Amino acid sequence: MLENISFANPEFFWLLALLPIALLWYIFKRKEQTATLKISSIQGFNTSSLLPKLKPILFFFRLLALAAIIVAMARPQTEDISTRTKTTKGIDIVMAIDVSSSMLARDLKPNRLSALKEVAADFIKKRPNDRIGIVEYAGEAFTKTPITSDKSIVLSSLKGITYGQLNDGTAIGMGLATSVNRLKESKAISKIIILLTDGVNNSGFIEPQTAADLAIEFGIKTYTIGIGTNGNAPSPIAYNPDGSFRYGMRQVEIDEALLQDIAKVTGGKYFRATNNKKLEAIYDEINKLEKTEIEEFKYYKYEEKYRPWIFIAGILLLLEWLLRNTLFRSFV
């Protein structure tokens, strides 16, 4: 009966300390009220009845009834808690992903683009309360997915990213500017771009510095990631007769100074990912740096459980009264 029960007024349990005192008082008074008679023989008396010896049970019934009443006064109740959360500070995020041919380099496993997609998918799943969009860029840029809170759409779009949909090249300025365009009208308190590339700006008609100035104007923070090992990496260098890529060692060229400058002027941070684990660690760090504030509301529903104790007390008092006026009537 007391499983998962709490008490609204537990201070009433101090009254239970009076019950042992009442018991001692009863024992003391009973000895005082018991008369003694000295006779030479008790053969003339019928002493087979146990009722006189059972008379104290009436007092125990009364004590138990008082104990039940005290428990009822303590207000036993069950508690049902329901929790709801409200996002009080949402973040809008655009992931600008380089999809040039160099992203097929195999210094990350199985290649840079596939490694990025796997890590980015995990990042998206860890941001359930934010809106996320995807921009692809190579020699040009376009919006793969506008910012949305539907993570299934974002994950599906991310999975569908492949090389060959855009002209080859690395238009960092175009990728950043397109990302800014997706966020400039956002009403979110915090707006960020995660721009990843493995090369230098060599395409597009918007300079990266100009795109960075736009990000500053609209209050958009940019995290930049340079992906690729230091030195040479196995990269596509030509096509085979069957249309597949032929791989050879190529020098990794990343304009780190540019990426560092973009991150600095927009209030972001620059990272360098030279392997799969470092890439994963970078997205984990960004996830920790950009926290969405969540307000939690708890609703408490109480159900009173004192009625069964009142019922028990009533049964005990009724039983005591019936026994006192029937079986024990001649002994009262």
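Residues numbered from 1 in each chain as written. Predicted model: local features only at pLDDT ≥ 70, side-chain atom pairs only at ≥ 80, totals over all residues. Heavy atoms only, no water.

Draft legend 1. The overall build of the protein, seen in detail. Scanning the protein from N- to C-terminus turns up 10 helices and 11 strands. Taken across its 332 residues, the protein has 40% of its residues classed as buried. For the protein, the proportion of contacts with a sequence separation of at least 24, taken over those separated by at least 6, is 80%. As displayed, the protein offers around 19100 Å² of accessible surface, 56% of which is attributable to carbon and sulfur atoms. (Helix = DSSP H or I, 4+ residues; strand = E, 2+ residues; numbered from the N terminus. Buried < 20%, exposed > 50% of the residue type's maximum accessible area, 1.4 Å probe, protein only. Contact = heavy atoms within 4.5 Å. Areas by Shrake-Rupley, 256 points an atom, 1.4 Å probe, with all protein chains shown as cover.)

Draft legend 2. Expanded view of the side chain of S100. Locating S100 in the fold gives a position in the loop between β3 (91–98) and α4 (112–125). Accessibility expressed as a relative area gives 2% for S100, which makes it buried. Here D98 takes part through its side chain, which lies 2.8 Å from a polar atom of the side chain of S100. (Polar contact = N/O pair within 3.5 Å; in protein donor to acceptor, adjacent residues only side chain to side chain.)

Draft legend 3. Spatial organisation of the pairing of strand β5 (residues 141–148). Examined bridge by bridge, strand β4 (residues 131–137) and β5 share 5 bridges and lie antiparallel to one another. Opposite I134, over in β5, you have T145 as the bridge partner. Hairpin connection of β4 to β5: 3 residues between the antiparallel strands. (Pairing = 2+ DSSP bridges.)

Draft legend 4. Quick peek at a nonpolar patch on the surface. Taken together, the side chains of L15, L18, I21 and M73 present a nonpolar region at the surface, about 340 Å² in accessible area. Relative to the elements of secondary structure, I21 occurs in helix α1 (residues 18–33). (Patch = residues over 30% accessible without salt bridge, like charges linked within 9 Å, V, L, I, M, F, W, Y side chains within 5 Å. Salt bridge = Lys/Arg side-chain N within 4 Å of Asp/Glu carboxyl O.)

Draft legend 5. Expanded view of helix α9 (residues 276–289). Taking 1.5 Å of rise per residue, the 14 residues of α9 would be expected to cover 20 Å, and the 20 Å separating its terminal C-alpha atoms lies within 8% of that figure. Of all the positions in α9, only L279, I282, Y283, I286 and N287 are classed as buried. Axial view of α9: buried residues confined to an arc of 140 degrees, hence all on one face. Relative to its buried face, α9 has exposed residues pointing more than 90 degrees away, namely K277 and K288. (Expected span 1.5 Å × (residues − 1). Arc of directions from axis to C-beta.)

Draft legend 6. Spotlight on unusual backbone geometry. The omega torsion across K109 and P110 is -5 degrees, close enough to zero to call that bond cis. Checked against the element boundaries, P110 lands in the loop between β3 and α4. The phi angle at R75 is positive, at roughly 55 degrees, despite the residue not being glycine.

Draft legend 7. A look at α4. Given a rise of 1.5 Å per residue, 14 residues ought to cover 20 Å, and the 20 Å separating the end C-alpha atoms of α4 matches this to within 8%. Within α4, 10 of the 14 residues are buried, which leaves the element mostly enclosed by the surrounding structure. Turning to α4, its buried residues are R112, L113, A115, L116, K117, V119, A120, A121, F123 and I124. Its side-chain oxygen at 3.1 Å from the backbone nitrogen of L113, N111 defines the N-terminal cap of α4.

Draft legend 8. Local environment of the packing of aromatic side chains. Per the stated rule, a full pass over the model turns up 5 aromatic pairs. On the basis of an interplanar angle of 80 degrees and a centroid distance of 4.9 Å, the ring pair of F7 and F13 is categorised as edge-to-face. With a centroid separation of 4.9 Å and an interplanar angle of 25 degrees, the aromatic rings of Y239 and F245 are classed as stacked. An aromatic cluster of three or more residues is present, and its members are Y163, Y239 and F245. Between the NZ or CZ atom of R106 and the centre of the ring of Y247, over which it lies, the distance is 3.7 Å. (Phe/Tyr/Trp six-rings, centres within 6.5 Å; stacked < 30°, edge-to-face > 60°. Lys NZ or Arg CZ within 6 Å of the ring centre and 35° of its normal.)

Draft legend 9. Main features of the pattern of salt bridges. Tallied over the entire structure, the rule returns 14 salt bridges. When the shortest N-O distance is used, the salt bridge between D198 and R112 registers 2.6 Å. Pair noted here: D198 is in the loop between β6 (190–197) and α7 (208–217) and R112 is in helix α4, with a separation of 86 residues, a long-range link. For the pair shown, D198 and R112 are each scored as buried. Residue K126 pairs with D122 through a salt bridge whose shortest N-O separation is 3.2 Å. Here the salt bridges share partners, and the residues they tie into one network are R62, E320 and R324.

Draft legend 10. Representation of the sheet that holds β3 within the structure. Taken in spatial order, the 6 strands of this open sheet run β5-β4-β3-β6-β7-β10, and their pairing is mixed. In this open sheet, the two strands that pair with only one neighbour each are β5 and β10 (270–273). Here the strands of the sheet are splayed against their neighbours by 15 degrees on average, with no regard to which way each runs. Here strand β7 (residues 221–227) pairs with β10 via 4 bridges, running parallel. The residue of β10 that forms the bridge with I227 is A273. (Axes fitted to C-alpha atoms, helices over the stretch in contact; angles between N-to-C directions.)

Draft legend 11. Representation of the nonpolar core. Ranked by internal contacts, the top residues of the largest apolar core, which has 34 residues, are I225, L279 and Y283. Elements supplying a minimum of two residues to this core: β3, α4, β4, α5 (151–159), β6, β7, β10 and α9. Ranked by residues supplied to this core, first place goes to α4 with 8 residues. Contacts of I225, omitting those with residues within four sequence positions, involve I194, L195, L196, T197, L259, Y270, F271, A273, L279, I282, Y283 and I286. Of all hydrophobic cores here, the second largest spans 27 residues; its members include A212, I220, L258 and L259. (Core = buried A, V, L, I, M, F, W, Y, C linked by side-chain atoms within 4.5 Å.)

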